[in-house]
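As a plain string of letters, each chain reads:
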Amino acid sequence: MELQILLILAGISFPLGIACGLYSDLTTLYKLCSFFIVLAIIFSVYKRKYTIKIIAVLLFIFLGIFFGYKDNYRSLPSIASTLYHKQTKVQGYVEYGSLKNTNYFQTFTLHILNSDQNINKVIDGTKVQVYIKKHPNNHVLKGGELVSIKGCIQPASYYKNPGNFDLQKYYFLHNTIGKMQIEQHDVQLVGQYSTFLLNKHVQAIVDDYNSKLNSFLPAQHASIVQGLIIGGRADIPRTIWQDFASTGLIHILSISGMHTTLIAGIIFATFRKFINDKLAASAALVFLTLYVLLAGATLPVVRAGIMSALVITGIFVNRQAHYPAIFIATVLVMLAYKPSSLLDLSFQLTCLATGALIFGVPPLYDFLKEKYLNDFVALLISSTIAVQLAIFPILSINFHHFSWLSLFSNALLVPIFEVCIIGFLLGSLLLWVYLPLAKIFIVSVGFIADFAIWCNSLLAKADFAISTIAEQPLMIWFIYYFLLLMFLVKLPLDKKTYRKQLCATLLVLLIVSTTTNIWLTTRTN
């Protein structure tokens, strides 16, 4: 069996098995396993030439079920509910890079080392989000400080949450058991956590980078550069952040494959002038790893980093990159390491967006080119449409709203922001080489970024920027993705066939959606 076919089968069946393992109890899992075995036997009888592939699919499903069932996320809600609203004393260290200051609180993530209720045994690396009420004489905590805190652990909640985003689920997926809101006298400084922490050294580089930017840029501009280059959003003015969300451009402030590709490409191209390709590739891998750590090693960053690393690895074995296989392999590695990532919103968005670019853009691009569009315009439109269609259900399910402007704003402003990111990346590398040149470079590119942000703020003021999406049954979104895949497989089509399929798709979605909403309304009444 070819490796690419095996990866595709694994990419479909392994996540399915993980989903079953995460959401099912032991009895249900036995029933599911029996169902899959019977289904495999039936298919093997009628399609004997596919027997090996069917067995491979079955093995990947069972492997996914095992990984999903063993994941700590399954048991967290029940265990956490026994810990809430009880007076607790915990000791741990302040995570590097987690300290933030608001108008009323100093907040940080506490990595728990021990507690009077053995919270640290709930999951490996248990954390709690701490909020200390601000007072003039408060001690300003620093990353790595060892502190003892007493108070009540409460479930996560967020009052500015119109879309009913499940913050508690987000906490659990990031090993955070809950939050503690305390006074300054509830905090006791024990000392400095002495164990070697990689985050400590990474944060030192980030702080040095931020101080260099703040030395010649206003605070607002420095925060935007930081957001575009290392993904930090904490210091970006709220109005700008909301404008990006309103126009569907919030992903600009997240690290993507473009960032990691540029970093690896710049380092590789520079070093290969002085050393051979394999040594230059090794240097690119080192810098790429460092950049992933500097950007916070979040799931989208790790996904982009692994894919770029696999592309670079091809240089060592003299093989050209096959992006669909690399993408699927990356997803499988991440899910095997942490199966509950499948439920993480950032993981879902980054995988769907990347998958849309790899699998969805080529057929759409060919289809649009047949309509006599310019190559660049066809690529721009196909990329925008493919990504927005892919992530639309996820945004609707989690936030219950969607920015219709995103179809226009992404096509118009993303190319401008990409130019800015390239310029800021080059300027950032120059900060440690020749500071005066870096200042000129970053300030010059900053004018382009200011123009793009101004255009974005104008678009965000439109009344129709964001529309509320009513809650729909999951079956609606399964049908949506099925029809979307059908279109991608069938493209390019002739004009008449395309119109017929488009009308049929819209009609099916309208009928199913309307029927389901009427049924839900009747049931509620």
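Residues numbered from 1 in each chain as written. Predicted model: local features only at pLDDT ≥ 70, side-chain atom pairs only at ≥ 80, totals over all residues. Heavy atoms only, no water.

J.: Which residues make up the overall build of the protein chain, and what values do they have?
T.: A tally of helices and strands in the protein chain yields 18 helices and nine strands. In the protein chain, which comprises 525 residues, the share counted as buried stands at 43%. Residue pairs at least 24 apart in sequence account for 72% of intrachain contacts in the protein chain once pairs closer than 6 positions are excluded. Total accessible area on the protein chain stands at roughly 28,600 Å², and carbon and sulfur atoms take up 66% of it. (Helix = DSSP H or I, 4+ residues; strand = E, 2+ residues; numbered from the N terminus. Buried < 20%, exposed > 50% of the residue type's maximum accessible area, 1.4 Å probe, protein only. Contact = heavy atoms within 4.5 Å. Areas by Shrake-Rupley, 256 points an atom, 1.4 Å probe, with all protein chains shown as cover.)

J.: Lay out the packing of helix 2 (residues 26-46) against helix 3 (residues 51-70) in plain terms, naming residues and giving numbers.
T.: At a closest axis distance of 9 Å, the pairing of helix 2 and helix 3 adopts a crossing angle of 170°. Comparing their axes, helix 3 and helix 2 come out roughly antiparallel. Facing L26, L29, C33, F36, I37, A40, F43 and S44 of helix 2, the residues of helix 3 in contact are T51, I54, L58, I61, F62, I65 and Y69. In the contact of helix 2 with helix 3, the residues fall into 13 nonpolar, two polar and no charged. (Axes fitted to C-alpha atoms, helices over the stretch in contact; angles between N-to-C directions. Parallel < 35°, antiparallel > 145°, perpendicular 65-115°, else oblique. Nonpolar A, V, L, I, M, F, W, Y, C, P; charged D, E, K, R; others polar.)

J.: Describe unusual backbone geometry, listing the residues and the values that go with them.
T.: Phi angles above zero are rare outside glycine, and N175 is one such case at about 60°. Accessibility expressed as a relative area gives 23% for N175, which makes it partly exposed. Non-glycine residue A297 carries a positive phi angle of around 50°. Secondary-structure assignment places A297 in the loop between helix 10 (277-294) and helix 11 (299-316). Residue classification places A297 among the partly exposed residues on the basis of a relative accessible area of 36%.

J.: I'd like a description of helix 3, backed by residues and values.
T.: With 20 residues, helix 3 ought to run about 28 Å at 1.5 Å a step, and its terminal C-alpha atoms sit 29 Å apart, in line with that. By the burial criterion, the buried members of helix 3 are I54, A56, L58, I61, G64, I65 and G68. Those residues of helix 3 that are buried lie in contact with helix 1 (3-23) and helix 2. (Expected span 1.5 Å × (residues − 1).)

J.: Can you explain the side chain of D186? Please cite residues and give values.
T.: Here D186 shows up in the loop between strand 6 (176-182) and strand 7 (187-192). In this structure D186 is buried but unpaired, with K150 as the nearest side chain of opposite charge at 4.9 Å. When near neighbours in sequence (up to four residues on either side) are disregarded, D186 contacts S148, I149 and K150. (Lys, Arg positive; Asp, Glu negative; His and termini not counted. Salt bridge = Lys/Arg side-chain N within 4 Å of Asp/Glu carboxyl O.)

J.: Describe the side chain of N410, naming the residues involved and giving the relevant values.
T.: Inspection of the secondary structure assignment puts N410 in helix 15 (residues 406-430). What makes N410 buried here is its relative accessible area of 6%. Residues in contact with N410, not counting those within four places in the same chain, are T247, G248, L249, H251, T384, Q388 and P415.

J.: I'd like a rundown of the pairing of strand 4 (residues 127-133), residues and numbers included.
T.: A large share of strand 4 lies buried, amounting to five of its seven residues. Inspection of the sheet shows strand 4 paired to strand 6 by five bridges, in the parallel sense. Bridging from a neighbouring strand, I132 pairs with I182 of strand 6. (Pairing = 2+ DSSP bridges.)

J.: Please give an account of the pattern of salt bridges that cites residues and values.
T.: With the rule as written, the count across this model stands at three salt bridges. In this structure, K127 engages E95 in a salt bridge whose closest nitrogen and oxygen atoms are separated by 3.2 Å. Of this pair, K127 sits in strand 4 while E95 sits in the loop between strand 1 (87-94) and strand 2 (100-101), and the two are 32 residues apart along the sequence. Given a relative accessible area of 16%, E95 falls into the buried group. Among the ionic pairs, E183 bridges to K133, the shortest N-O distance being 3.5 Å. With E183 in the loop between strand 6 and strand 7 and K133 in strand 4, this pair connects stretches of sequence that are 50 residues apart. Note on K133: relative accessible area 33%, which makes it partly exposed.

J.: Any chance you could break down helix 9 (residues 257-271) for me, citing the residues and the numbers?
T.: With 15 residues, helix 9 extends 21 Å between its outermost C-alpha atoms, agreeing within 8% with the 21 Å of an ideal straight helix rising 1.5 Å per residue. All of the buried residues along helix 9 are H259, T260, I263, A264, I267 and F268. Down the axis of helix 9, the buried side of the element spans an arc of 150°, and every buried residue falls inside it. Lining the buried residues of helix 9 we find helix 7 (219-230), helix 10, helix 11 and helix 15. (Arc of directions from axis to C-beta.)

J.: With reference to specific residues and values, describe a nonpolar patch on the surface.
T.: Where nonpolar side chains cluster on the molecular surface, the patch consists of I37, V38, I41, I42, V45 and Y46 and spans about 600 Å² of accessible area. Counting through the fold element by element, V38 comes out in helix 2. Of the residues examined, V38 reaches a relative accessible area of 47% and is grouped as partly exposed. (Patch = residues over 30% accessible without salt bridge, like charges linked within 9 Å, V, L, I, M, F, W, Y side chains within 5 Å.)

J.: If you had to explain the environment of S13 to someone new, which residues and values would you point to?
T.: Summarising the element assignment, S13 is placed in helix 1. When the C-alpha atoms of S13 and V57 are compared, they prove to be 5.8 Å apart, with 44 residues separating the residues in sequence. S13 has contacts with V57, F60 and I61, leaving out every residue within four places of it along the chain.

J.: Account for the packing of aromatic side chains, with residues named and values stated.
T.: In total, this model carries twelve aromatic pairs according to the counting rule given. Judged by centre distance (6.1 Å) and plane angle (85°), the rings of F66 and F67 are edge-to-face. Aromatic pair F105 and Y131: ring centres 5.8 Å apart, planes at 80°, arrangement edge-to-face. Linking F105 in strand 3 (residues 105-115) with Y131 in strand 4, this pair joins segments that are 26 residues apart in sequence. Using a relative accessible area of 24% as the deciding quantity, one classes Y131 as partly exposed. (Phe/Tyr/Trp six-rings, centres within 6.5 Å; stacked < 30°, edge-to-face > 60°.)

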